[in-house]
Amino acid sequence: MRQLPFKLKSLAGLKWARLQDGVRRSALWILLLALVVTLLGTLVWLAGRYEASQVQSRLERDASETVADVRAGLTRNIQSFQALQSSQRTPASWQLSAGDLLIEHREIMRLEWRSESLEVLAFAGTPYHGAVFERLGRSSAQADVSLACNTARRLSGPAYSASYFMPQADGLGLEFLEMCLPIMAAGRLAGYTVATYALQDVLAEFVGKQLGRGQSVSFTEADGTRLAMYGMRSRGSRVYVAQQLLDLPGNTLVLRLESRQGTPAFFPNLLTALVTAMSLALLAVLFLLARDMRRRLKVEHDLGEALAFRKAMEDSVLTGLRARDLDGRITYVNPAFCQMVGVDAKDLLNHSFPSPYWPPELAETYQQRQAIRLAENALPREGHESVFMRPDGTRFPVLIMEAPLINAVGKHTGWMSAILDVSEQRRVEELSRASQDRLQATARLAMIGEMASLLSHELNQPLAAISSYATGSLNLLKHQAVGKGAAPELLPITMSANHLASDMQLAMGRIAEQAERAGRVIRSVHDFVRRRDQSREAVQPRALLEAVMPLVGLQARKLSVTVVIEVDPACAAVLCDRTMVEQVLLNLSRNGMQAMHLEHSGSGRVARILTLRVRPGRSIEASGWVEFAVIDRGEGISAEVGAQLFTPFFTTKLEGMGLGLSLCRTVIEQHGGRLGFEAAQPRGTIFSFTLPVALPTGKH
Ligand code: ADP
């Protein structure tokens, strides 16, 4: 078988291309992953930033509200001070009212009524603290008071001093702020109301209640120095700070609001957490997608391999393959088919009837045949023969096998055909037919040769008998002419003068008989060689023996052999070509007698007895057969001679032709019987053969 040349080279190329693809694909994946991670990181960061800015702006808002609260509180206080001044004219009552006011306002440490020259006319201290000026004395703040009052006078309204630190008796200290409000009477300055604020208490009173958890509020100087603070001091990284200016007449303070966003957390808040969770989900999806993609790639790769293998097979196979759809249009052809019909695939695809490779003179027939076949839906499996044509017009015989094309879902989509170019096969068949004819002619010639040799062999006996009878008759006549009787041993007929006429008649009769027999032999041999078997007839075995007896007897007398005949009366008639079977009996008898004639033993002559025996077949398989045996007491047959006994032209005799036994076997086998030999006891050989019993209708 030819090796199919699979396209391994193209397979290697395919693998290289796949490798490149794989590298490119992984690079794309890495890029995608990097982009997604960056995007997600940015998103989380932006979300954090957004939240921080939200918190910051809320804090800024809170800070400005706080500033507004403080400012409103201070303004409310000024109104209270104005009310105090307008209602109280004496220091004692003023002091009383001021005391009440201080009870209500914890943020005010001390209230003073001062004269135009800033002398203290009356004062009242807060009940909530001890004497706040105890350590340094009130005079230490005089400068701040006068500065504030100067400003107040100039502004004709409340003014504030710069804040200052006042150490306290407990070792700590408070930051104070002086407020000076001019008292006007009839359009003239009549004195001042001075209020000393503790900044910390200002914060506590005006802001404290609104302050949330984790928030602290403080007053600082422009350089950031903390002056007073309310609320828990915030530490840590997630502390938001908002600063607002509290612009007071004569002084500007910075209000600083600090807010801590809970405990330090990985996710600043819900939005960031959401974005992060979504990012993680996205990454998980990306991972699943990648895994799915990898599986797909593997399947694709396997499919590609299988496809490449199939393609290589289709391209290498020597059988033409062609697929047609249900309308008869060609949907696929393999290279072998294109090569076979000598047309390119592109010219064949989608081509309907008549196909380009149909011989024009047959196109109509083919078309009808196709229509019938496609309509029938049942195509013979063994295929059909057809003739295709190449573009150069040469026709060639093809064998087409068609089968329905069933797709993956079991739908019949068309027809698949395998096409074999059988030109070579036809050529070989043609050659073998020619040589068969030659052989037959040779066989006829050989048959003529065979017939000639058989004739020459079989005619020997009747001719010898005729010659023998003729010689005897001549001798008789000669003897009669010389007038004296003699009995030469060679004469086969007993002579006496009286019986001359009858002897002559007998001899002539025998001559005529043998001549007729010779004619029959010629006919029979002719028929035998031409293998005719119409001359079969039912014959009694005894009749066969009796027919050959004259000739056998003649020879027996010549060779001093006694012939014994044993016929089992149970034997039925046999169906045979009488003459040929007689020839067989004659041949076997002659061989047996010759074997005994050659025998010479030192201890005396052995009785030369030839037995012709006929009996029904012995074994079960031989029932329905009659067995003939010719038994001699000759020398027997050596193994060496026995091996080639039936070989034509094998003989051990000087004048033998070596055709007798081979002819006998052919004759018996043509009758369906069997010819064989075995050693006889105590000596000699038994040649036996079987003939079929004639059917009852054939019996006479
Ligand atoms: P032919 O008689 O012309 O030699 P056959 O074919 O009849 O040819 O016999 C072939 C040979 O077989 C004989 O030459 C002989 O040697 C041997 N043969 C045949 N019959 C006998 C027999 N009864 N006893 C011994 N030898 C035999």
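This is a predicted model, so every value here is computed, not measured.

(A) Main features of the overall build of the chain. Of the regular secondary structure elements, the chain holds 14 helices and 22 strands. Among the 700 residues that make up the chain, the fraction classed as buried is 39%. Put simply, 61% of the contacts in the chain that link residues at least 6 apart link residues at least 24 apart. When the accessible surface of the chain is split by element, carbon and sulfur atoms take 59% of a total near 39800 Å².

(B) Broad picture of the sheet that holds strand E8 (residues 226-231). Spatial strand order, E8-E7-E10-E9: 4 strands in an open sheet with antiparallel pairing. Since the sheet does not close on itself, it has two edges, and those belong to E8 and strand E9 (239-248), each with one partner. Here the average twist between neighbouring strands, direction ignored, is 20°. As paired strands, strand E7 (residues 215-220) and E8 are joined by 5 bridges and run antiparallel to one another. Note that in E8 the partner of Thr-220 across the bridge is Arg-226. Contacts between helix H4 (residues 199-206) and the sheet are confined to E7, E8 and strand E10 (251-260), with E8 contributing the most and set at about 30° to the helix.

(C) Just the sheet that holds strand E14 (residues 395-406), in detail. What the 5 strands build is an open sheet, ordered E12-E11-E15-E14-E13; its pairing is antiparallel. The open sheet is flanked by strand E12 (330-333) and strand E13 (384-389), the only strands paired with a single partner. For this sheet, the mean inter-axis angle between neighbouring strands, taken without regard to orientation, is 35°. Sheet topology note: the strand E11 (residues 320-325)/strand E15 (residues 412-421) ladder contains 6 bridges and is antiparallel. Opposite Asp-325, over in E15, you have Gly-414 as the bridge partner.

(D) View of the site of the ligand. In the vicinity of the ligand lie 19 residues, with Asn-591, Asp-632, Thr-651, Thr-652 and Lys-653 positioned nearest. In this structure, a nitrogen atom belonging to the ligand sits 2.8 Å away from a side-chain N or O atom of Asp-632. Look at the ligand: alone it shows 530 Å² of surface, and the protein chains cover 96% of it. Cavity membership is defined here by more than half of the atoms lying within 2 Å of grid points; on that basis the ligand lies in the largest pocket.

(E) Main features of helix H5 (residues 270-316). If you check H5, its first and last C-alpha atoms are 67 Å apart, about what 47 residues at 1.5 Å a residue would give, namely 69 Å. Taken as a whole, H5 has its buried residues at Thr-272, Val-275, Thr-276, Ser-279, Leu-286, Gly-304, Ala-308, Ala-312, Asp-315 and Ser-316.

(F) Representation of the state of the cysteines. For the structure on display, the rule yields 1 disulfide. Between the sulfur atoms of Cys-149 and its disulfide mate Cys-180 the distance is 2.0 Å. Sign of the S-S torsion, about 100° for the bond between Cys-149 and Cys-180, identifies this disulfide as right-handed. Taken together, the residues span a long stretch of sequence, with Cys-149 in helix H3 (residues 142-155) and Cys-180 in strand E5 (residues 173-185) at a distance of 31 residues. What makes Cys-149 buried here is its relative accessible area of 1%. A relative accessible area of 1% places Cys-180 in the buried class.

(G) Representation of helix H14 (residues 660-670) in the model. All of the buried residues in H14 are Gly-660, Leu-661, Ser-662, Leu-663, Cys-664, Val-667 and Ile-668. Where H14 ends, the next residue or the one after it, Gly-672, has phi of about 90°, a positive value.

(H) Quick look at the layout of surface pockets. What the largest pocket holds in volume is close to 1200 Å³. Taken together, 43 residues form the lining of the largest pocket, with Arg-590, Asn-591, Gln-594, Lys-653 and Gly-656 sitting closest to its centre. Looking at the lining of the largest pocket, the elements with two or more residues in it are helix H9 (423-482), helix H11 (541-559), helix H12 (578-597), H14 and strand E22 (685-692). It is H12 that contributes the most residues to the lining of the largest pocket, 7 residues altogether. Residues that form the lining of the largest pocket fall into these classes: 18 nonpolar, 19 polar and 6 charged. Empty space within the second largest pocket amounts to approximately 420 Å³. The wall of the second largest pocket is formed by 19 residues, among which Ala-622, Glu-627, Arg-674, Ser-688 and Thr-690 lie closest to the centre. For the lining of the second largest pocket, the elements supplying multiple residues, two or more each, are strand E19 (609-616), strand E20 (625-631), strand E21 (675-679) and E22. Broken down by element, the lining of the second largest pocket gets its largest block of residues, 4 residues, from E22. In terms of residue class, the lining of the second largest pocket is made up of 5 nonpolar, 7 polar and 7 charged.

(I) Focus on the environment of Thr-220. Residue position: Thr-220 is located in strand E7. When sequence neighbours within four positions are dropped, the list of residues in contact with Thr-220 reads Thr-225, Arg-226, Leu-227, Gln-243, Leu-253, Val-254 and Arg-256.

Definitions and limits used
- Residues numbered from 1 in each chain as written.
- Predicted model: local features only at pLDDT ≥ 70, side-chain atom pairs only at ≥ 80, totals over all residues.
- Heavy atoms only, no water.
- Helix = DSSP H or I, 4+ residues; strand = E, 2+ residues; numbered from the N terminus.
- Buried < 20%, exposed > 50% of the residue type's maximum accessible area, 1.4 Å probe, protein only.
- Contact = heavy atoms within 4.5 Å.
- Areas by Shrake-Rupley, 256 points an atom, 1.4 Å probe, with all protein chains shown as cover.
- Pairing = 2+ DSSP bridges.
- Axes fitted to C-alpha atoms, helices over the stretch in contact; angles between N-to-C directions.
- Near = heavy atom within 4 Å.
- Polar contact = N/O pair within 3.5 Å; in protein donor to acceptor, adjacent residues only side chain to side chain.
- 1 Å grid on protein atoms, 1.4 Å probe; cavity = no way out; pocket = protein on both sides within 12 Å on 5 of 7 lines; lining within 4 Å.
- Sits in = over half its atoms within 2 Å of the grid points.
- Expected span 1.5 Å × (residues − 1).
- Disulfide = S-S within 2.5 Å.
- Points joined across faces, edges and corners; volume = space filled by probe spheres on them.
- Nonpolar A, V, L, I, M, F, W, Y, C, P; charged D, E, K, R; others polar.

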